[in-house]
Each structure stands twice: as C-alpha cells, then as structure tokens.
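Listed here are the chains, written in short residue letters.
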Amino acid sequence: MSGTRTLGHGRITGRTSARSSSRARRHLRVRKKISGSAARPRLVVTRSARHIFAQLVDDTVGGTLVSASTLEASVRDSSGDKTAKAKAVGALLAERAASAGITAAVFDRGGHAYHGRVAALADSAREGGLTL
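Residues numbered from 1 in each chain as written. Predicted model: local features only at pLDDT ≥ 70, side-chain atom pairs only at ≥ 80, totals over all residues. Heavy atoms only, no water.

Q: Lay out helix H4 (residues 117-127) in plain terms, naming residues and giving numbers.
A: The buried fraction of H4 is high, at eight of eleven residues. Among all positions of H4, only Arg 117, Val 118, Ala 119, Ala 120, Leu 121, Ala 122, Ser 124 and Ala 125 are buried. Residues of H4 that are buried make contact with strand S1 (42-47), strand S2 (52-58), helix H3 (82-99) and strand S4 (106-108). One or two positions beyond H4, positive phi appears at Gly 129, with a value near 110 degrees. (Buried < 20%, exposed > 50% of the residue type's maximum accessible area, 1.4 Å probe, protein only. Helix = DSSP H or I, 4+ residues; strand = E, 2+ residues; numbered from the N terminus. Contact = heavy atoms within 4.5 Å.)

Quick look at the structure:
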C-alpha cells in the first residue's frame, strides 16, 4: 500500500474484532468530512452495549463543551428500555447546550448506523431545540 500513514489512519491490527474495526473505519470516514467549531460544535455519540454517551466537542481547541450520558443518576433511575434512556440523554444534552448558549451542532454518529438508540438521541436533541 502506498501513501503516508498518520497516527489516526494507521492500520487496525491486533485482537480487535471485525465489527469494531469496521466501525472504526466508518468513523474515520465520517470524521474526514465533519469538524466542530465554537459556533457549531460536533455532537459525538458513543454507544456501548449498555450505555450511551453524548458530548458537544469544539475541535478547534479539542475540548468538550457539554456532555450527557446514561451513567448520570437522573437518567439511570428513569424507567424504560435503552432507547427510552437514549431519548432522555438527548433531551438532557439539548437542555445543557441551550444553557451554554449552543443552538446548532454537527452530528457525528461515530461509525454507528443512524438507527435505534443513535437516531433516538439525535431526534430527542432536535426536539429539545438543538439544530443538527
């Protein structure tokens, strides 16, 4: 293979499964096209088997402006399935973004399909007043 390899685009090796390496490749493909700024930060969605995390990131300084997850007590104690909790995380993130003066963001699905919990979080954030 020819070309220059950077640290972020290195070959994915080791004991990672085909599923996680495919998701990492998809995420790199998405990240080539989008970047967050102070005016319009990047809404990053990270999903595990049990939890979902969302944060608004300003890529110009490399810092997180606002975050929310299912690990927080208010969301953890709520009833419902994982999709309902993802909706609660989206609403909480939109509320915190509004209090921080953020009205618009760029959506980064993190290499996951825009389906299920990821879509529920994004739709809930839109309903909370965040423009994606």
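Q: Can you break down the packing of H3 against H4 residue by residue, with the values?
A: Here H3 crosses H4 at 35 degrees, and the two axes come no closer than 7 Å. The interaxial crossing formed by H3 with H4 has right-handed handedness. In contact with Lys 82, Thr 83, Ala 86, Lys 87, Val 89, Gly 90, Ala 91 and Ala 94 of H3, H4 contributes Arg 117, Ala 120, Leu 121, Ser 124 and Ala 125. Partitioning the contact of H3 with H4 into residue classes produces seven nonpolar, three polar and three charged. (Axes fitted to C-alpha atoms, helices over the stretch in contact; angles between N-to-C directions. Left-handed = near helix turned anticlockwise from the far one by under 90°. Nonpolar A, V, L, I, M, F, W, Y, C, P; charged D, E, K, R; others polar.)

Q: A description of the packing of aromatic side chains should follow, citing residues and the corresponding values.
A: Counted under the stated rule, the structure contains one aromatic pair. Centroid distance Phe 107 to Tyr 114: 5.9 Å. Interplanar angle 90 degrees. Geometry classified as edge-to-face. Assessed through its relative accessible area of 40%, Tyr 114 is described here as partly exposed. (Phe/Tyr/Trp six-rings, centres within 6.5 Å; stacked < 30°, edge-to-face > 60°.)

Q: Tell me about a positive patch on the surface, residues and numbers included.
A: Together, Arg 19, Arg 47, Arg 50, Arg 76 and Lys 82 make up a region of like positive charge exposed at the surface. Counting through the fold element by element, Lys 82 comes out in helix H3. (Patch = residues over 30% accessible without salt bridge, like charges linked within 9 Å, V, L, I, M, F, W, Y side chains within 5 Å. Areas by Shrake-Rupley, 256 points an atom, 1.4 Å probe, with all protein chains shown as cover. Salt bridge = Lys/Arg side-chain N within 4 Å of Asp/Glu carboxyl O. Lys, Arg positive; Asp, Glu negative; His and termini not counted. Charge placed at Lys NZ, Arg CZ, Asp CG, Glu CD.)

Q: Explain the sheet that holds S4 to me, using residue names and the numbers behind them.
A: What the four strands build is an open sheet, ordered S3-S2-S1-S4; its pairing is mixed. The open sheet has two free edges, formed respectively by strand S3 (63-69) and S4, since each of these has just one partner strand. The sheet shows a mean angle of 20 degrees between the axes of neighbouring strands, taken without regard to direction. In this sheet, S2 lies alongside S1 in antiparallel orientation, the contact comprising six bridges. (Pairing = 2+ DSSP bridges.)

Q: Break down the nonpolar core for me, citing the residues and quoting the values.
A: One broad rule of soluble globular proteins: the nonpolar side chains tend to lie buried together. One finds Leu 43, Leu 56, Val 89, Leu 93 and Leu 130 to be the most contacted residues of the largest nonpolar core, which totals 22 residues. Per-element accounting of this core gives the leading share, six residues, to H3. When residues no more than four places from it in sequence are discounted, the contact partners of Leu 56 are Pro 41, Arg 42, Leu 43, Gly 63, Thr 64, Leu 65, Val 66, Leu 93, Ala 97, Ile 102 and Ala 105. (Core = buried A, V, L, I, M, F, W, Y, C linked by side-chain atoms within 4.5 Å.)

Q: Lay out the environment of Leu 93 with the relevant residues and their values.
A: Mapping Leu 93 onto the fold places it in helix H3. For Leu 93, a relative accessible area of 0% gives the class buried. Distance in space between the C-alpha atoms of Leu 93 and Phe 53 is 9.9 Å, their sequence separation being 40 residues. For Leu 93, the contacting residues outside a window of four places in its chain are Leu 43, Ala 54, Gln 55, Leu 56, Val 66, Ser 67 and Ala 68.

Geometric values such as these leave the question of function open.
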